[in-house]
Amino acid sequence: HKTENLTQASAYERIQQLKIKIIKWGQEYYAEDAPSVTDDVYDKAYAELKMLEEQFPMLKTVDSPTQKVGDNNLKSDLAKVSHAVPMLSLGDVFSLDEVNLWWYKKGISNEYNLELKIDGLAIALVYQNGELKQASTRGNGLIGEDVTENIKMIKAIPQKLTEPLTIEVRGEVYMPKKAFAKLNQEREEQGLPTFANPRNAAAGSLRQLDSTVTKKRQLSAFMYYTVETDKLEVTTQAELLTKLANLGLPVNQTNQVVHDKKEIAKFIQEYTGIRDELDYGIDGIVIKVNSLAIQNELGNTIKVPKWAIAYKFPPEEAKTDIIDIEWTV
Ligand code: NAD
């Protein structure tokens with residue numbers, strides 16, 4: 001959509017149209033676990049809205065989807081849990097050039113931890129004296145849904161840590177590709193609607209009132225974050241991942257510490273090539289400032305951390321586009 005020479009009045013019109021669509025799609029995706037459009041369509045509309053709001057700051061309002069995290073209705077029957085520290089989204093970029101620009105903007109750090117962006121739903125686990133006490137979804141970032149009983153059905157998530165810590169850890173619940181294929185096949189045979197993708201299937205399977213349903217769905221998880229790093233004696237994101245694994249939590253082992261933007265391009269290209277071979281879905285690569293002290297210094301916006309960015313893979317049909325792109329800056 002062309003935005004050059006746009007008057008404020010026509011930008012306003014376009015912004016209203018985009019907001020209505022994005023809010024509707026968000027409701028279908030986050031609340032109903034049943035999107036009617038692909039992520040690519042959603043991402044394009046979202047990027048256009050963001051660009052228009054940057055061009056016409058007067059038209060940016062607090063109720064815009066660009067200022068909100070996830071599901072803002074929270075109408076499900078699950079009990080609600082408030083997050084003492086908000087659960088955020090991630091800023092996203094779609095090309096190596098954009099990664100590059102971000103790299104220069106964040107020039108105060110020279111060390112990054114690269115992680116796979118697991119295509120699942122965010123989860124917060126609260127352990128008290130090492131025992132799993134509560135699990136909640138991200139919800140709208142401030143208030144999530146209580147899925148404690150359902151989380152206990154996931155074998156990968158320990159009921160007990162290897163140390164008696166009181167700590168909240170966060171990560172992603174996902175449905176392995178094989179389990180997803182099997183579930184959709186069964187649903188088709190039973191004449192039930194199928195899930196659009198493993199992410200929606202994972203969310204639909206976890207956000208259940210009856211935990212025996214969750215049990216049948218073979219979910220798994222990877223943890224990558226805590227709001228209480230001071231309790232773990234770690235100074236970097238990479239050390240945090242090792243520590244979480246030592247506590248008995250499931251941690252994805254593919255992360256890589258890098259010091260050069262060329263290494264980021266290499267990692268992105270490698271996983272663009274082999275993502276289909278993984279047992280779980282990934283929709284991008286997350287680039288995180290490795291130093292926790294610098295992360296802290298950079299802080300967050302109302303919606304995303306300023307110390308991380310997600311590079312999103314191109315949609316399936318355009319997958320080869322990236323392979324030969326060189327750094328241009
Ligand atoms: P997001 O899912 O793109 O990114 C943020 C999330 O990534 C975090 O909350 C976290 O749960 C997850 N994540 C996975 N691996 C991670 C890792 N290693 N480190 C840190 N976080 C990790 O953002 P979002 O705001 O939840 O959702 C927006 C995206 O959802 C859009 O880009 C779009 O693709 C999709 N969406 C699609 C529709 C649709 O109708 N198709 C509607 C709404 C949203």
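Everything discussed here concerns the structure shown above.
Structural notes, computed from the coordinates. (Residues numbered from 1 in each chain as written. Predicted model: local features only at pLDDT ≥ 70, side-chain atom pairs only at ≥ 80, totals over all residues. Heavy atoms only, no water.)

Here the focus is the overall build of the protein. Tallying secondary structure elements over the protein gives 10 helices and 11 strands in all. Computed over its C-alpha atoms, the radius of gyration of the protein comes to 20 Å, within 12% of the 20 Å expected for a compact globule of 329 residues. The buried share of the protein, reckoned over its 329 residues, is 51%. Considering only contacts in the protein between residues 6 or more positions apart, those separated by 24 or more positions represent 75%. Summed over all atoms, the accessible surface of the protein reaches about 16,500 Å², with 51% contributed by carbon and sulfur. (Helix = DSSP H or I, 4+ residues; strand = E, 2+ residues; numbered from the N terminus. Rg over C-alpha atoms; globule rule 2.2 N^0.38 Å. Buried < 20%, exposed > 50% of the residue type's maximum accessible area, 1.4 Å probe, protein only. Contact = heavy atoms within 4.5 Å. Areas by Shrake-Rupley, 256 points an atom, 1.4 Å probe, with all protein chains shown as cover.)

A separate point is the packing of helix α3 (residues 96-105) against helix α9 (residues 261-274). Interhelical geometry of α3 versus α9 gives an angle of 145° and a closest axis separation of 11 Å. Note on packing geometry: the crossing formed by α3 with α9 is right-handed. Counting all contacts with α3, which are made through Leu96, Val99, Asn100, Trp103 and Tyr104, the residues of α9 involved are Lys261, Ile264, Ala265, Ile268 and Gln269. (Axes fitted to C-alpha atoms, helices over the stretch in contact; angles between N-to-C directions. Left-handed = near helix turned anticlockwise from the far one by under 90°.)

With that settled, consider the pairing of strand β7 (residues 167-174). Most of β7 sits inside the fold, with 8 of its 8 residues counted as buried. Bridge count for strand β4 (residues 121-128) against β7 is 7 bridges, and the pairing is antiparallel. Looking across to β7, one finds that Val126 is bridged to Glu168. (Pairing = 2+ DSSP bridges.)

With that out of the way, let us pick up the sheet that holds strand β10 (residues 282-289). As summarised here, the arrangement of the 5 strands in space is β2-β11-β10-β3-β9, forming an open sheet in which the pairing is mixed. Only two strands of the sheet have a single neighbouring strand rather than two, namely β2 (92-93) and β9 (256-258).

The 4 strands lie next to each other as β5-β4-β7-β8, forming an open sheet whose pairing is antiparallel. With one partner strand each, in any of the chains shown, β5 (131-137) and β8 (220-226) form the two edges of the open sheet. Here the strands of the sheet are splayed against their neighbours by 35° on average, with no regard to which way each runs. The strands touched by helix α6 (residues 198-206) within the sheet are β4 and β7, with β4 carrying the most contacts at an inclination of about 40°. Packing of helix α8 (residues 237-246) onto the sheet brings it into contact with β7 and β8, and relative to β8 it is tilted by some 130°.

A large share of β8 lies buried, amounting to 5 of its 7 residues. Examined bridge by bridge, β7 and β8 share 6 bridges and lie antiparallel to one another. Opposite Glu172, over in β8, you have Phe222 as the bridge partner.

The next point concerns the pattern of salt bridges. Enumeration according to the criterion identifies 16 salt bridges in this entry. In this structure, the salt-bridge partner of Asp63 is Lys19, at a minimum N-O distance of 3.7 Å. With Asp63 in the loop between α2 (39-55) and β1 (80-82) and Lys19 in helix α1 (residues 8-31), this residue pair connects regions lying 44 residues apart in the sequence. The shortest N-O distance in the salt bridge between Glu228 and Lys231 comes to 3.0 Å. (Salt bridge = Lys/Arg side-chain N within 4 Å of Asp/Glu carboxyl O.)

Note on placement: Ile309 falls in strand β11 (residues 308-312). Residues Ile309 and Trp103, spaced 206 residues apart in sequence, show a C-alpha to C-alpha distance of 9.7 Å. For Ile309, the contacting residues outside a window of four places in its chain are Gly91, Asp92, Val93, Trp102, Ile285, Val286 and Ile287.

A few words on the packing of aromatic side chains. Counted under the stated rule, the structure contains 9 aromatic pairs. Both rings, one in Tyr29 and one in Tyr30, keep their centres 5.0 Å apart while their planes meet at 90°; by these two values the pair is edge-to-face. Ring centres of Phe267 and Tyr271 lie 4.9 Å apart, and the angle between their planes is 50°; this geometry places the pair in the tilted category. One end of the pair is Phe267 and the other is Tyr271, both in helix α9 and 4 residues apart, which spans about a single turn. For the residue pair Phe267 and Tyr271, the accessibility class agrees, reading buried in each case. Joined through ring pairs, the aromatic side chains of Tyr174, Phe222 and Tyr280 make up one cluster. (Phe/Tyr/Trp six-rings, centres within 6.5 Å; stacked < 30°, edge-to-face > 60°.)

Moving on, we come to the nonpolar core. Of all hydrophobic cores here, the largest spans 37 residues; its most connected members are Ile123, Leu125, Tyr127, Ile151, Val173, Leu206 and Leu249. Among the elements of the structure, β4, β5, β7, α5 (177-189), α6, β8 and α8 are those that each provide at least two residues to this core. The residues contacting Val173, other than those within four sequence positions of it, are Gly120, Leu121, Ile123, Ile151, Ile154, Ala202, Leu206, Leu219, Ser220 and Ala221. In this structure, Val93, Leu96, Tyr271 and Phe313 belong to the second largest nonpolar core, which totals 30 residues. (Core = buried A, V, L, I, M, F, W, Y, C linked by side-chain atoms within 4.5 Å.)

What follows deals with the side chain of His83. Within the secondary structure layout, His83 lies in the loop between β1 and β2. Classification of His83 as buried rests on a relative accessible area of 8%. There is a polar contact of 3.4 Å between the side chain of His83 and the backbone oxygen of Arg138. At 3.5 Å, the side chain of His83 and the backbone nitrogen of Gly144 are in polar contact. Setting aside residues up to four positions removed in sequence, His83 forms contacts with Ser136, Thr137, Arg138, Gly141, Leu142, Ile143, Gly144 and Arg170. (Polar contact = N/O pair within 3.5 Å; in protein donor to acceptor, adjacent residues only side chain to side chain.)

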